[in-house]
Amino acid sequence: MNAILKFGAIALLTLCSAMQPAEAKKVKFDYGTVYVPEEGGVKFEKITEDADAVNGNLVLVSKSFLGKKTGLDAISWWVNPQIALSKDGSKIAYLNKKNGTSNVMVKQSAKGGASTQRTFRTNVTDFSWSPDDKTLCFTEVRNGHYGVYLVDAYQGNVVRQISNGVDNDYAGQMTPDGHNIYFHRGEGYQNYSIWSFDRNTNLFSNYSRGMTPCIVPSNPDILYVARYTDQKESEIWRINLKNGVEEIILAEPGRSFTTPVLSPDGKWLLVTGSSMSEKDKEMNTDIFAVRTDGTQFTQLTYHPGNDLSAIWSPDGKSIYFISQRGSAKRLYNVWKMDFNL
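Below or above, wherever it landed, is the structure these notes cover. Here the structure is a predicted model, which means the values were calculated and not measured.

## A few points about the overall build of the protein
A count of helices and strands for the protein gives one helix and 27 strands. Burial status across the protein gives 55% buried among its 341 residues. Long-range contacts, defined here as pairs at least 24 residues apart, represent 47% of the contacts in the protein between residues at least 6 apart. With the model as given, the accessible surface of the protein reaches about 14700 Å², and the carbon-plus-sulfur share is 49%.

In structure tokens:
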């Protein structure tokens, strides 16, 4: 297995972008800077501190692709959700990595305050908060396999296993009625499909290709997903599980976009995408927004540090995301920014 595969096992998104111009001179940038000129007028607020140890093993940049030296800048990132908000937006959950373990922590979404540990496992890799605010749905690596589990969002540590223990399942999302959990299953490198688990019947169902399903609350038969092309780039699609209609929402040759999250009013999607920093001429990840009809595609962040895994506030006026900004050591923290489109 090559180095890139080792870095992220089978759920790490790997893509290759255009070659960096030979004449481009890299500039040493102070990552301690909170924002860059392109982000002028946007208010940024740091929610966690370095002591919160927000999981930072998220992005890899190298000049090899699938283990081969190419001379191109290749960027890989963990596409699965890393943060989540409670129903009323008063609490935020994030992944803490400390002492060789990774677990879900919950704290007030306003800056400051202590965190409460909500999973007591070894290697939690992603999670989501149920629409009814009662449950955390998380992915953990056990015995070499990634599986989906449930735990109470506020008390106790009793865990229910959803996955069968032999497949690799990720990014569970619960429907508004709580009856079904959608997730994606890895079936080989960069080969993922959408599945669901019926909590009433304990039956699994398989649907279309894709990963990181985003449920439309008003119509759970409709999902937004990220999907690979033959060029191993990732696009954003809308799929209707009932009538089989599939529509492409966002694609751009030479770039990839992942982890769609629907706005509370149902009009916008937030996505993580590959980018090239104008400050230091290096590949990184940024946050983008696009309307659900594919129009008004807009880049929201431009910092040379990696920005990813964005989610909406309940009123749709703010965005929470993971970022290296504001840290000279390039550590990750949870940040909040305004959304004014």
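## Focus: the pairing of strand β25 (residues 307-312)
Most of β25 is tucked away: six of the six residues are buried. Both β25 and strand β26 (residues 318-323) contribute to a ladder of four bridges, which runs antiparallel. Each bridged residue has a counterpart across the sheet, and for L308 the counterpart in β26 is I322. Hairpin connection, β25 to β26: the antiparallel pair is bridged by five residues, and G316 has positive phi, about 75°.

## Section: the sheet that holds strand β20 (residues 246-250)
Spatial strand order, β17-β18-β19-β20: four strands in an open sheet with antiparallel pairing. Every other strand in the sheet has two partners, leaving β17 (211-215) and β20 as the edge strands with one partner each. Mean inter-strand twist for the sheet, computed between neighbouring axes without regard to direction, equals 30°.

## Focus on the packing of aromatic side chains
Per the stated rule, a full pass over the model turns up 16 aromatic pairs. On the basis of an interplanar angle of 75° and a centroid distance of 6.5 Å, the ring pair of F44 and F321 is categorised as edge-to-face. Here F321 lies in strand β26 and F44 lies in strand β2 (residues 44-46), a separation of 277 residues in the sequence. Look at F44 and you get buried, because its relative accessible area is 13%. Residue classification places F321 among the buried residues on the basis of a relative accessible area of 0%. Their ring planes at 85° and their centres at 6.3 Å tell us that F183 and F204 sit as a pair that is edge-to-face. Placement of the pair is F183 in strand β14 (residues 180-186) and F204 in strand β16 (residues 204-209), with a sequence separation of 21 residues. You can call F204 partly exposed: its relative accessible area is 30%.

Reading guide: rules and limits
- Along each chain, numbering runs from 1 in the same order as the chain's sequence is written.
- Thresholds applied to this predicted model are a pLDDT of at least 70 for local features of residues and 80 or more for the giving and counting of side-chain atom pairs; totals over whole chains, interfaces and linings are not thresholded and use all residues.
- To get the side-chain values, all heavy atoms of the structure are used, and hydrogens and water are removed first.
- By definition, any uninterrupted DSSP run of H or I lasting at least four residues is a helix, any uninterrupted run of E lasting at least two residues is a strand, and each is numbered from the N terminus.
- For the exposure calls, accessible area comes from a 1.4 Å probe over protein chains only, and a residue counts as buried if that area is under 20% of its type's maximum, exposed if over 50%, partly exposed in between.
- Note on contacts: a residue pair is in contact if any heavy atoms of the two residues lie within 4.5 Å.
- Every accessible area reported is derived by Shrake-Rupley at a probe size of 1.4 Å, with residue values counting cover from the shown protein chains alone.
- At least two bridges found by DSSP between two strands are what make those strands a pair.
- Every axis in this analysis is a line fitted to C-alpha atoms, fitted for helices over the stretch in contact. Angles between the N-to-C directions lie between 0 and 180 degrees.
- In this scheme Phe, Tyr and Trp rings, the latter by its six-membered ring, pair at centre separations within 6.5 Å, and the angle between planes marks the pair as stacked below 30 degrees, edge-to-face above 60, and tilted otherwise.

Function cannot be read off these values alone, since they describe shape.
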